[in-house]
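Inside the fold
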Amino acid sequence: MREVMNLNAGWKFIQQDVGLPESFPENWKSVDLPHTWNAVDGQDGNGSYDRGSYWYARTFETPEQPLGGGRTYVEVLGAGQQATVYVNGKKAIYHEGGYSTFRADVTDLCHTDGTKNLLVINCSNEYKDSVYPQSADFTFYGGLYRGVNLISVPAVHFDLDYYGGPGIMVTPKPDECGGAIFEIKSFVTGADENFTVLYSIENAEGEEVAGGLRPADSSSITIYVNNVSLWSPKTPYLYKVRASLLRRNEVYDELTVQAGVRSFSCDPNKGFILNGVPTPLRGVSRHQDKLYKGNALTKEDHYEDARIIKELGANTIRLAHYQHAQEFYDACDELGFVVWAEIPFISVFNKDPEAHQNCIQQLKELIIQNYNHPSICFWGISNEILIGGISEKLVENHKELNALAKELDPTRLTTIAHVSMTPLKSPMHHITDVISYNHYFGWYGGKMEDNGPWLDRFHELHPDLCLGLSEYGCEGVITNHGPNPACKDYSEEYQALYHEHMAKVLNDRPWMWSSHVWNMFDFGCAARNEGGVAGRNNKGLVTIDRKVKKDSFYIYQAYWSEKPMVHICGRRYAQRAGETTEVRVYSNQPSVKLFVNGTLVEEKEADKVFVFTVSLKEGNNILVAEAGSVKDSISLEKVEKEPEIYVLPEVNERAEGVANWFSSVGDMDLKAPMEFPEGKYSIRDTMEEIAKSPEALEITAHAVKLATNFIVKPGTGMWDMMKKMTPESMSGLASGMMPEGFLESLNAKLIKIDRV
């Protein structure tokens, strides 16, 4: 029988590239898995993190099967980003891609005399030109961050060698009579005519409801189940499918997987349809890291994340931007989330054919390893890949990836996340089954009020396309506050106002098949330094340590949760000046009463957002909101002057910087047509070209910082992601953030500089 042994304890680790050890290295640091060497520096704001090639070592005893011919596998559940496995000094496997499971048959490398075996794994998160992701807005953690198993199986067993898959595919298909066909296929290694596969289907109560038997060399079967319970976010009903590999009266190997019965489709005018019912998907995106753990999360961490998202009331999760842990897919199956799963084909397109092959490999691993999860309804093939522009090869590669996804899994839909500046008319729009856009109107450019009209315009222009919003959001830092929130002040109040608007925009457009807030949790991005919190992307509805739910969390809970709720915003804006102050309350109840120091201020009726103007007494004040059976309370102190920490110095500095920028241009006519003289730099040159001239780079970097708050220079921040962009194309992302004439003034400065 199969035996799976957890090898997560008792490892030795060295954060140096010392090479393959000849014996067990007692002097290395002791660690347990999951482990990453970037748990701290990947998110602590020091401006960089260690991307190296480091070593793990452990011993294990050779497992024994009762019968001869048994096989032993090392199973690595995830190793960032490249990994090589050695057993007793010999290479077992090399794997590229930091987010999927891979295995190695090490039987012939193991000792047979009772001597312990030396298992060594080299992990590298160094940049490699042929491995995705190439560059992106998150930390590429290195290490054995998901764990390692040893698997012992008989000579005849369910397959362990095909792209890390489970060896079984289950496809439930509901019919119109209340039942479902379960199409099941298992894959057996080494079987002869003596072997059969026995299938059993159990309901959630543990009762067998159907079964069947097939020869092991022709194992596909169709089993019918009567009166099935359908899987949905509200009722995530799961069946257990068991496959037993039999030799006469003996079970040689056995697999069990969970399965859910559901049907789904997308319609341009009805949105997402689940089990025949229009069900707009409204939810969040999620990264897999946590404060000072990096991405080395436990099963408990994964389930905690899923429970917090369920508390929000979301019914969908986009799992960005790579394959996530099996534990999280399991949690989505069990708690009821419709999942968008994707590969890390993101931001930077590499024309190298080997890079495309890496995309193909990672897509195969994603689909084959996760085929049985009922929560997954969409395979994503790329994210914001047009940042560096479009080409025929890029389009061709996407068509090939889409065809591969449909070949491997014709039951699910394919999708793509477009960068905001992707043209309304683009050859990228008709490759996948459905499409989605990443829009940050109201943060990186434009106004939040631009979102609705843009979505309506696209829908009118492409009535045949199913449109979603795959990313939208803004930074909210819980120490930044003020009575007049504005874009780019990084305040919790502006983030809440932004999401108030977006929640309504999406609620008013049920024809959109999906929307995903960017992001559910703040996450590590060593390249960032914004809002007074470096090393993080702070767009989460919840802080990176999962300790604080920001006010923006509760506006979505008001829209999406059926459980009665009320929340008073601004509890961290605890010291306030002025004769009156605005108090915002979120609730899914029809009316809210607000009390200040025990006195009723007002009872209001509204839709989700209730706004009160109150006078505070000197010193401490107690505010209580009542909405039906639910209550919330906060304390506010009236002060003469609000704390300086509430406002970032850079907010005022940037406004002054833009004014100084224009004064440096002089009397030039910024409305005149722009010129692009030969031999001079201009806004149409890529940042990579501009960087060849220190003078041109200094001017352009200063302009980009003023307009977007990004630091752009070689080797710093997200340079690899932005180096192929031009200032002109950046303006497409930052439209509305740049004052009139700003781009023209930059071009006027650049055309004075000779090209290098």
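To be clear, the structure that these remarks concern was listed above.
Here is what the cut-offs are and how they apply
Residues numbered from 1 in each chain as written. Predicted model: local features only at pLDDT ≥ 70, side-chain atom pairs only at ≥ 80, totals over all residues. Heavy atoms only, no water. Salt bridge = Lys/Arg side-chain N within 4 Å of Asp/Glu carboxyl O. Buried < 20%, exposed > 50% of the residue type's maximum accessible area, 1.4 Å probe, protein only. Helix = DSSP H or I, 4+ residues; strand = E, 2+ residues; numbered from the N terminus. Pairing = 2+ DSSP bridges.

All chains considered together, the criterion is met by 43 salt bridges. Of the charged contacts, one joins Lys 504 and Asp 508 as a salt bridge, the two residues approaching to 2.8 Å between their closest N and O atoms. For Lys 504, a relative accessible area of 41% translates into the label partly exposed. Classification of Asp 508 as partly exposed rests on a relative accessible area of 43%. Across the pair Arg 572 and Asp 551 runs a salt bridge, and its minimum N-O distance is 3.8 Å. On the criterion of sequence distance, the pair formed by Arg 572 in the loop between strand 33 (566-568) and strand 34 (575-576) and Asp 551 in helix 7 (residues 551-560) is long-range, its members being 21 residues apart. Given the relative accessible area of 22%, Arg 572 is considered partly exposed. Taken together, the shared-partner salt bridges in this structure form one network comprising Asp 137, Glu 475, Lys 488, Arg 528, Glu 530 and Lys 539.

Turning next to the pairing of strand 13 (residues 180-186). Every second residue of strand 13 is oriented toward a common face, the buried set being Ala 180, Phe 182, Ile 184 and Ser 186 and the non-buried set Ile 181, Glu 183 and Lys 185. A loop of 5 residues connects strand 12 (residues 168-174) with strand 13, the two strands running antiparallel in sequence, and Gly 178 in this loop sits at a positive phi of about 90 degrees. With 5 bridges connecting them, strand 13 and strand 17 (residues 221-225) associate as antiparallel partners. Within strand 17, the residue paired with Ile 181 across the bridge is Tyr 224.

We now examine the pairing of strand 6 (residues 82-87). Counting buried residues along strand 6, 6 of its 6 residues qualify, which places the element largely inside the surrounding structure. Relative to strand 7 (residues 90-96), strand 6 runs antiparallel, the two being bridged by 6 bridges. Directly across from Ala 83, in strand 7, lies its bridge partner His 95. The turn linking strand 6 back onto strand 7 is made up of 2 residues, and Asn 88 within it adopts a positive phi angle of 55 degrees.

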